[in-house]
Amino acid sequence: MFHYLDLLGVIVFAVSGALEARERGMDVFGACAIGFVTALGGGTLRDMVLQHGPVFWVRDSTYIVLVTLASVATFLTAQRHTVPRRILLIADAGGLAVATTIGVQKALAASVSPVIALLMGVVTGVVGGIGRDVLCNEVPLVLCEDIYATVCLVGAILFLALRATHVPTDLASPIAVAFMFALRVAAIALNLRLPAVLRGPWRRQEWPDHGSNETP
Amino acid sequence: MFHYLDLLGVIVFAVSGALEARERGMDVFGACAIGFVTALGGGTLRDMVLQHGPVFWVRDSTYIVLVTLASVATFLTAQRHTVPRRILLIADAGGLAVATTIGVQKALAASVSPVIALLMGVVTGVVGGIGRDVLCNEVPLVLCEDIYATVCLVGAILFLALRATHVPTDLASPIAVAFMFALRVAAIALNLRLPAVLRGPWRRQEWPDHGSNETP
Amino acid sequence: MFHYLDLLGVIVFAVSGALEARERGMDVFGACAIGFVTALGGGTLRDMVLQHGPVFWVRDSTYIVLVTLASVATFLTAQRHTVPRRILLIADAGGLAVATTIGVQKALAASVSPVIALLMGVVTGVVGGIGRDVLCNEVPLVLCEDIYATVCLVGAILFLALRATHVPTDLASPIAVAFMFALRVAAIALNLRLPAVLRGPWRRQEWPDHGSNETP
């Protein structure tokens, strides 16, 4: 079941990438390229850094096929704003939660230290979105947005803590996923912000206010 | 002979990178750096992803030496517009055709599935140009331009189809290269466009019209 | 002792990345991310290209811990312009000198040719700063600034020349580090420029004059 959640997370990320590409005026290939980077970029960097066997999507073409289909379908059907941004953000929260958990697991399987496993969880969760924004010539939203990478960080710590107290992976994984999903959705719904001391002081003025901030 | 075509393709990509760097006001080192990324970026990413032995230019310094010489020579001699853009685009078409074919071959040598081999061909062909544009702080042209990545995709499919029907590599390679070269040159000469449904609707307005569109 | 210099260089790079992130209005996570990229990006690319064992910081968590602490501390304490830019540039010169020397050494340990070792030294020295600028959505300063990559290049050649004449590494390393440090500091203090033929002609007009050019 976890594997299907993983594939679902990948699809959601691909859709978000393809939507961004379409809004940027890219063609169908651009949509696929941004879809790939968004959906697979984090795991690719993780696997290249760990050098623990080949990159995950090289041995299992399912990922590439799914991302391509999702990106092309998104490109062909999407009109601006037909999918409410809120729905996309919530789906994205699911993808983020699953990707981070899988990232920590794969790092532990490569027998690295907990610090590195933590970092690999965050990398798997957020690097795809960073790549998407760099290719679209923007400052990555993740680096400015308040409660996004924080979710990965806290969730990865929770997963590692559960594993350290001998909770089996099959139980620790859904707990961590559910926790991260709930935290991210709460951050979107309640417009949670980091404490001021952890935010950059010039943020409000200098960056356009897109992302999770359109509160009710 | 194919090896020399490969080196020629690398030189062409390096020249195009160094020209871009010079137009951006970079110094001679910047020209070399952009030359490296444009000429070797795609193959580097391919080899890092496949993890099938070291990156190709690490074991054969010829590539680095040629790219350095080509970039420095381009930087020192180029003035704006002394090389007609059309000539460069045609040379670039040759580099693209060779790089894509080699990318597919190397992926097959790492015994991956055809889907991954296809993707690796496209990656080898276009990622260098994407890196060049990201470093120059632009939205990558490849992701917006109509018939560029499409050429790689169609050419890689042709090569895989020929191999699947037991055409030997020594014959399939030049066929695929010639096909891609002709298709790309035709796209430039005739200003071919993708069907409207595969293009981004806001493209014309939002992106400056550089690239292959200065038709007669 | 060299190992401690290495850690010091990493910290300096992390501080410079976190300062840049703060000036860009990023939050504390963005500061850490930019700190990571600046401090570890060059060595990471080097190790991924060489494929000679895992990336250096995967097996030694010290690097990640130090970079995190340095980035967070910088984010929390820095106000704009409290650290004089000149001090930072001099510290950065130290980091650059050490990183380049270590890059060449690690490449030689992977038994590559001198040309590749040279390139790996430059990559280790400058790629972190390039990644920082790309994530901050700027044209990388290194590619436009006169005497920066040049320092790495000349220093790496010096180190290789010393090794080729059988000077032991323990002696060649500090000589190369001191030379690069002195050269870079001199370039900052005296506002050294490359000869005009090696500079881009439109540089002065098109790029904002930040970096090492605020001479007395």
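Residues numbered from 1 in each chain as written. Chains lettered and ligands numbered in written order. Predicted model: local features only at pLDDT ≥ 70, side-chain atom pairs only at ≥ 80, totals over all residues. Heavy atoms only, no water.

### As for the overall build of chain A
Turning to step 1, where the next piece is worked out: Across its full length, chain A carries nine helices and zero strands.
Turning to step 2, where the next piece is worked out: Order of helices (α) and strands (β) in chain A, N terminus to C terminus: α-α-α-α-α-α-α-α-α.
Turning to step 3, where the next piece is worked out: Out of the 216 residues belonging to chain A, those deemed buried represent 57%.
Turning to step 4, where the next piece is worked out: Sequence separation of at least 24 residues holds for 74% of the intrachain contacts in chain A that already meet a minimum separation of 6.
Turning to step 5, where the next piece is worked out: In the form shown here, chain A has an accessible surface area of approximately 8,500 Å², with 69% of it arising from carbon and sulfur atoms. (Helix = DSSP H or I, 4+ residues; strand = E, 2+ residues; numbered from the N terminus. Buried < 20%, exposed > 50% of the residue type's maximum accessible area, 1.4 Å probe, protein only. Contact = heavy atoms within 4.5 Å. Areas by Shrake-Rupley, 256 points an atom, 1.4 Å probe, with all protein chains shown as cover.)

### Section: the interface of chain C and chain B
Turning to step 1, where the next piece is worked out: Counting residues at the interface gives 37 residues for chain C, matched by 32 residues for chain B.
Turning to step 2, where the next piece is worked out: Carbon and sulfur atoms make up 67% of the area that chain C and chain B hide from each other, which totals about 2,600 Å².
Turning to step 3, where the next piece is worked out: Applying the counting rule to chain C against chain B returns three residue pairs in polar contact (both at pLDDT 80 or more).
Turning to step 4, where the next piece is worked out: For the side of chain C that touches chain B, the elements supplying multiple residues, two or more each, are α2 (28-50), α6 (114-135) and α9 (203-206) of chain C.
Turning to step 5, where the next piece is worked out: For the side of chain C that touches chain B, the class distribution of residues is 26 nonpolar, five polar and six charged. (Buried area = accessible area lost by both parts, 1.4 Å probe. Polar contact = N/O pair within 3.5 Å; in protein donor to acceptor, adjacent residues only side chain to side chain. Nonpolar A, V, L, I, M, F, W, Y, C, P; charged D, E, K, R; others polar.)

### Focus: the interface of chain B and chain A
Turning to step 1, where the next piece is worked out: On the chain A side, the residues contacting the 37 residues of chain B number 32 residues.
Turning to step 2, where the next piece is worked out: Carbon and sulfur atoms make up 66% of the area that chain B and chain A hide from each other, which totals about 2,600 Å².
Turning to step 3, where the next piece is worked out: At the junction of chain B with chain A, the criterion picks out zero salt bridges.
Turning to step 4, where the next piece is worked out: Across the chain B-chain A interface, the total number found is three residue pairs in polar contact (both at pLDDT 80 or more).
Turning to step 5, where the next piece is worked out: For the side of chain B that touches chain A, the secondary-structure elements that each account for two or more residues are α2 (28-50), α6 (114-135) and α9 (203-206) of chain B.
Turning to step 6, where the next piece is worked out: In terms of residue count, the dominant contributor to the side of chain B that touches chain A is α6(B) (eight residues).
Turning to step 7, where the next piece is worked out: Across the side of chain B that touches chain A, the residue classes break down as 26 nonpolar, five polar and six charged. (Salt bridge = Lys/Arg side-chain N within 4 Å of Asp/Glu carboxyl O.)

### Examining the relation of the copies chain C and chain B
Turning to step 1, where the next piece is worked out: Between the two copies, chain C and chain B, the superposition gives an RMSD of 0.0 Å; the rotation angle is 120° and the shift along the axis is 0.0 Å. In the structure described here, the two chain copies are related by an operation that fits a three-fold rotation axis.
Turning to step 2, where the next piece is worked out: A share of only 11% of interface residues in chain C that are also interface residues in chain B marks the association as one of differing surfaces. (Least-squares fit on C-alpha atoms with pLDDT ≥ 70 in both.)

### What about the pattern of salt bridges?
Residue and element names in this part refer to chain B.
Turning to step 1, where the next piece is worked out: Taken as a whole, this structure holds six salt bridges over all chains when the rule is applied.
Turning to step 2, where the next piece is worked out: Ionic pairing is found between Arg-46 and Asp-47, a salt bridge with its closest N-O pair at 3.0 Å. For the pair Arg-46 and Asp-47, one class covers both residues: buried.

### Quick look at the packing of aromatic side chains
Residues and elements named next belong to chain B.
Turning to step 1, where the next piece is worked out: In total, this model carries three aromatic pairs over all chains according to the counting rule given.
Turning to step 2, where the next piece is worked out: Geometrically, the ring pair formed by Phe-56 and Tyr-63 is edge-to-face, given 5.0 Å between the ring centres and 85° between the ring planes. Per residue, the accessibility class of Phe-56 equals that of Tyr-63, and both read buried.
Turning to step 3, where the next piece is worked out: One cation-aromatic arrangement involves Arg-22 over Phe-75; the distance from NZ or CZ to the ring centre is 4.7 Å. (Phe/Tyr/Trp six-rings, centres within 6.5 Å; stacked < 30°, edge-to-face > 60°. Lys NZ or Arg CZ within 6 Å of the ring centre and 35° of its normal.)

### Things to note about the side chain of Asp27(A)
Turning to step 1, where the next piece is worked out: Following the sequence through the fold, Asp27(A) ends up in the loop between α1 (2-23) and α2 (28-50).
Turning to step 2, where the next piece is worked out: A polar atom in the side chain of Asp27(A) sits 3.0 Å from the backbone nitrogen of Phe29(A).

### Examining the relation of the copies chain B and chain A
Turning to step 1, where the next piece is worked out: Mapping chain B onto chain A leaves a residual RMSD of 0.0 Å; the transformation is a rotation of 120° accompanied by 0.0 Å of translation along its axis.
Turning to step 2, where the next piece is worked out: Interface overlap between copies: only 11% of the residues of chain B at the interface are likewise at the interface in chain A, consistent with a contact formed by different surfaces.

### Some remarks on the confidence of the model for chain A
Residues and elements named next belong to chain A.
Turning to step 1, where the next piece is worked out: Here chain A averages 83 in pLDDT, and 89% of its residues register 70 or above.
Turning to step 2, where the next piece is worked out: The weakest mean pLDDT in chain A belongs to helix α9 (residues 203-206) at 40; the strongest belongs to helix α7 (residues 149-164) at 93.
Turning to step 3, where the next piece is worked out: Considering only residues more than four positions removed or in separate chains, one finds that residues 202-216, a stretch of pLDDT under 50, has 36 contacts.
Turning to step 4, where the next piece is worked out: The ipTM value of the predicted complex is 0.79, and its pTM value is 0.85. (pLDDT = per-residue confidence, 0-100.)

### Regarding the environment of Leu19(C)
All names here are of chain C.
Turning to step 1, where the next piece is worked out: By the element assignment, Leu-19 lies in helix α1 (residues 2-23).
Turning to step 2, where the next piece is worked out: As a C-alpha pair, Leu-19 and Asp-170 span 151 residues in sequence and 33 Å in three-dimensional space.
Turning to step 3, where the next piece is worked out: Each residue touching Leu-19, except ones within four places of it in the same chain, is listed here: Thr-74, Ala-78 and Leu-88.

### Overview of the packing of α2(B) against α6(B)
Residues and elements named next belong to chain B.
Turning to step 1, where the next piece is worked out: Contact geometry for α2 and α6: axes closest at 7 Å, N-to-C directions at 135°. Classified by the angle between their axes, α2 and α6 sit oblique to one another. Note that α2 runs across α6; the crossing there is right-handed. In contact with Ile-34, Val-37, Thr-38, Gly-41, Gly-42, Gly-43, Leu-45, Arg-46, Val-49 and Leu-50 of α2, α6 contributes Met-120, Val-123, Thr-124, Val-127, Gly-128, Gly-129, Gly-131, Arg-132 and Leu-135.
Turning to step 2, where the next piece is worked out: When grouped by side-chain class, the residues that make up the contact of α2 with α6 number nine nonpolar, eight polar and two charged. (Axes fitted to C-alpha atoms, helices over the stretch in contact; angles between N-to-C directions. Parallel < 35°, antiparallel > 145°, perpendicular 65-115°, else oblique. Left-handed = near helix turned anticlockwise from the far one by under 90°.)

### Observations regarding unusual backbone geometry
Turning to step 1, where the next piece is worked out: Even without a glycine there, the phi angle at His166(B) is positive, about 65°.
Turning to step 2, where the next piece is worked out: Taking the relative accessible area as the measure of exposure, His166(B) reaches 70% and is therefore exposed.

### So, the state of the cysteines
Turning to step 1, where the next piece is worked out: Within this structure, the stated rule accounts for zero disulfides over all chains.
Turning to step 2, where the next piece is worked out: Free cysteine: Cys32(C), not disulfide-bonded; nearest cysteine sulfur from Cys152(A) at 14 Å.
Turning to step 3, where the next piece is worked out: Residue classification places Cys32(C) among the buried residues on the basis of a relative accessible area of 9%. (Disulfide = S-S within 2.5 Å.)

### Brief notes about a nonpolar patch on the surface
All names here are of chain A.
Turning to step 1, where the next piece is worked out: Residues Leu-153, Val-154, Ile-157 and Phe-179 make up a contiguous nonpolar surface patch of roughly 300 Å² in combined accessible area.
Turning to step 2, where the next piece is worked out: For the nonpolar patch, the element with the most residues is α7, which contributes three residues.
Turning to step 3, where the next piece is worked out: Position of Leu-153 relative to the elements: it lies in helix α7. (Patch = residues over 30% accessible without salt bridge, like charges linked within 9 Å, V, L, I, M, F, W, Y side chains within 5 Å.)

### Looking at the side chain of Asp27(B)
Turning to step 1, where the next piece is worked out: Accessibility expressed as a relative area gives 1% for Asp27(B), which makes it buried.
Turning to step 2, where the next piece is worked out: A distance of 2.9 Å separates the side chain of Asp27(B) from the backbone nitrogen of Gly30(B), its partner in a polar contact.

### Observations concerning helix α4 (residues 62-77) of chain A
All names here are of chain A.
Turning to step 1, where the next piece is worked out: The terminal C-alpha atoms of α4, which comprises 16 residues, lie 22 Å apart, in line with the 22 Å expected from a rise of 1.5 Å per residue.
Turning to step 2, where the next piece is worked out: When α4 is considered as a whole, its buried residues turn out to be Tyr-63, Ile-64, Val-67, Ala-70, Ser-71, Thr-74 and Phe-75. The arc enclosing the buried residues of α4, seen along the axis, measures out at 140°, which places them on a common side. For α4, exposure combined with an orientation more than 90 degrees from the buried face picks out Leu-69 and Thr-77. (Expected span 1.5 Å × (residues − 1). Arc of directions from axis to C-beta.)

### As for α2(C)
Residue and element names in this part refer to chain C.
Turning to step 1, where the next piece is worked out: With 23 residues, α2 extends 32 Å between its outermost C-alpha atoms, agreeing within 8% with the 33 Å of an ideal straight helix rising 1.5 Å per residue.
Turning to step 2, where the next piece is worked out: The principal kink in α2, of about 55°, is found at Leu-40.
Turning to step 3, where the next piece is worked out: Of all 23 residues that make up α2, 21 are buried, and the element is covered over most of its length.
Turning to step 4, where the next piece is worked out: The N-cap residue of α2 is Asp-27: its side-chain oxygen and the backbone nitrogen of Phe-29 are 3.0 Å apart.
Turning to step 5, where the next piece is worked out: Downstream of α2 by a residue or two, Gln-51 has a phi angle that is positive, lying close to 50°. (Bend = angle between axes of the 7 residues up to and from the residue.)

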